[in-house]
Amino acid sequence: MSDIIQLLPDHVANQIAAGEVVQRPASVVKELLENAIDAGATSIKLLLKDAGKTLIQVIDDGKGMSATDARMCFERHATSKIQKAEDLFNLCTKGFRGEALASIAAIAHVELKTKQENEELGSCLKIEGSKVISQDFISTSKGTSLAVKNLFYNIPARRNFLKSDTVETRHIIDEFQRVALAHPDIAFLLHHNNNEVYHLKNGNLRQRIVAVFGTKMNEKLVPINEQTDILNINGFVAKPEFSKRKRGEQFFFVNDRFIKSSYLNHAVVNAFDGLLEQGSHPSYFLYLTVPANTIDINIHPTKTEIKFDNEKALYSMLRATVKHSLGQYNVAPVLDFNRDSNLDTPYHLNKNNTKTSTPKITVDPDFNPFKEDVKQKETSFPYKREQNTQSWESLYTSVSNHQTEKQEELFEHQPETKTQKTFQIQRKYVMSLIKSGVVLIHQSLAHQRILYEDFLESITVKEANSQQLLFPVKISFSSQEIEMIYTIKTELENAGFSFDEFTKDSVTIKGIPVSVTESKITIILEELLNDINLEVPDTSFSHFDVMAKSFAKTLSIKTGTQLSEQEQESLVNNLFSCKEPTVSPTGKATFKTLTLNEIDNLFNS
């Protein structure tokens, strides 16, 4: 019987490795940026076309490579970061496996230009699908420029699995932000389709965070700083009042490497205990420095998971440090505009010199609670005297007529006694009586369905009504968010928004939909951007659909809202007037029906 086990060719092995290392264009961006940082670059440029599907190019001013190194770096397990197994437990660089460039070269067209500082000429290397096409000497500047073109050109199945350009761009920007936040001392530039998205100058950590997330972030930050024998913690957390419903601004860095850790995240959330609304997530940018030999990075191909020697100690220190900083810096009292300033004790009063007198008590000796009040009696009497009375007979006639008219008027305006058909349960559900039993309606989900269909109709069928603001509202956003808002500007205008000015970090709004209040503009747009990030559409109708869902979710009645009987009935009637009353916009059931037989079975079982 012939042998069936054989060694795979290098190009096949590289494609298999690429499946782990290169999942999408963002994976390539991460690897190339980290290589540039390991090369000692002080300025890094990232150029993209078509969300990285057509071109990903990283240009740095690092130390560059020799002609031999330029060829060797594309071989599997070829690296300058480690030399022996023990080095894995004392890593000070981003990369160390030597697989990234070999994997990228196996599934794309790669062009490398590099030159060392003391060399007159550099090298230019072109590779297609792991095959070296050419290698020449060229005149180029110090550093390295690596261009990755036509990603997954030889694996069409993988290319077809890529999402829309907007989704892939978002993932690239996420990776770019993580690397940029980890190294505020390095200048970064990001261009997408010849448009500048980020131009980050080197500076301190606070400046980098504000440059990435917009100027409004500056007022939110609370500094964190703690030095111990086993751990140094510094960075920032956002004040509790700026917490968000969605995750996204949670960043952990260990030895300048971005990591994901649900365990450490729990420590930070625990430090905010009692300060956050239910369902809110704190924002934080925390930088942990630990001895390199106390962590293991070689866990996952993406290198975002780390094993710690003493996780419990790190948990306790992190929680205590964040809690201490919140108590130390978050001391400004909340302004209470409903407080009566007259109740405050004046500061100029001196307790030692000021004599206080006992309040005087006055008593009315003639007060009789059983004595009739003439004025009150006259006021409450159910008729008005005629001013021009002809005789005493007409006076009594007038009294009789007025009494009759008043009684008739009282009976006419007396509300009819009727059976209540709706009841609110725990300020969450509305129960409505029907002939066959009862209907239990989830008030928030039902209202979302009602608003969703109203918004969708007004956006797509009707011309949406817009109310002009007396004073335009200027809202700050990050560059990424501004670009996203500008992308859906037409759809927002169809929904009733009116824009005055777009800048790099803010947008000015002069008109809003009639159903939206001015105080909710920021909340609505932030929720909309989060929803678009989770469900980015490919067609204009999908834009409308996501927008309608987001508006409905933000403006709907929340659990815990007390509804009057009239509001309950209106909710029930409007729900069953919808085209699809059974489910919410997100596919959850809006109501459940219990028949009399089902109710009887509950007691007969």
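Placed above this text is the structure.
Predicted model, so just to flag it, every value in this text is computed and none were measured.

## Here's the deal with empty space enclosed by the protein
In this structure the tally under the stated criterion is 2 cavities of 30 Å³ or more. The computed volume of the largest cavity comes to approximately 110 Å³. The set of elements that each furnish at least two residues to the lining of the largest cavity consists of helix 2 (25–38), helix 6 (165–182) and strand 12 (257–259). Taken together, the residues that form the lining of the largest cavity break down as 4 nonpolar, 2 polar and 7 charged. Approximately 40 Å³ is the volume attributed to the second largest cavity. Lining of the second largest cavity is provided by Phe213, Lys216, Lys220, Lys244, Glu249, Ser478 and Glu481. Looking at the lining of the second largest cavity residue by residue, the classes come out as 1 nonpolar, 1 polar and 5 charged.

## Things to note about the pattern of salt bridges
Scanning the model with the defined rule gives 9 salt bridges in all. Between Lys53 and Asp165 there is a salt bridge whose closest N-O contact spans 3.0 Å. A residue pair is termed long-range when its members are at least 10 positions apart, and Lys53 in the loop between strand 1 (43–49) and strand 2 (55–60) and Asp165 in helix 6 qualify at 112 residues. Overlapping salt bridges, with partners in common, bring together Glu111, Lys113 and Lys149 in one network.

## Remarks on the sheet that holds strand 16 (residues 422–425)
Backbone-to-backbone hydrogen bonds pair the strands of a sheet. The strands run either parallel or antiparallel. Here we have 4 strands laid out as an open sheet, ordered 16-17-18-22, and antiparallel in their pairing. Looking at which strands have only one partner, the edges of the open sheet turn out to be strand 16 and strand 22 (591–595). When strand polarity is set aside, the average angle formed by the axes of neighbouring strands in this sheet is 20°. Sheet strands in contact with helix 17 (residues 565–575) are strand 16, strand 17 (429–434), strand 18 (437–442) and strand 22, and its direction is about 100° off that of strand 16. Strands in contact with helix 18 (residues 596–604) are strand 18 and strand 22; relative to strand 22, the strand with the most contacts, it is inclined by about 70°.

Cut-off values and rules
- Residues numbered from 1 in each chain as written.
- Predicted model: local features only at pLDDT ≥ 70, side-chain atom pairs only at ≥ 80, totals over all residues.
- Heavy atoms only, no water.
- 1 Å grid on protein atoms, 1.4 Å probe; cavity = no way out; pocket = protein on both sides within 12 Å on 5 of 7 lines; lining within 4 Å.
- Points joined across faces, edges and corners; volume = space filled by probe spheres on them.
- Helix = DSSP H or I, 4+ residues; strand = E, 2+ residues; numbered from the N terminus.
- Nonpolar A, V, L, I, M, F, W, Y, C, P; charged D, E, K, R; others polar.
- Salt bridge = Lys/Arg side-chain N within 4 Å of Asp/Glu carboxyl O.
- Pairing = 2+ DSSP bridges.
- Axes fitted to C-alpha atoms, helices over the stretch in contact; angles between N-to-C directions.
- Contact = heavy atoms within 4.5 Å.

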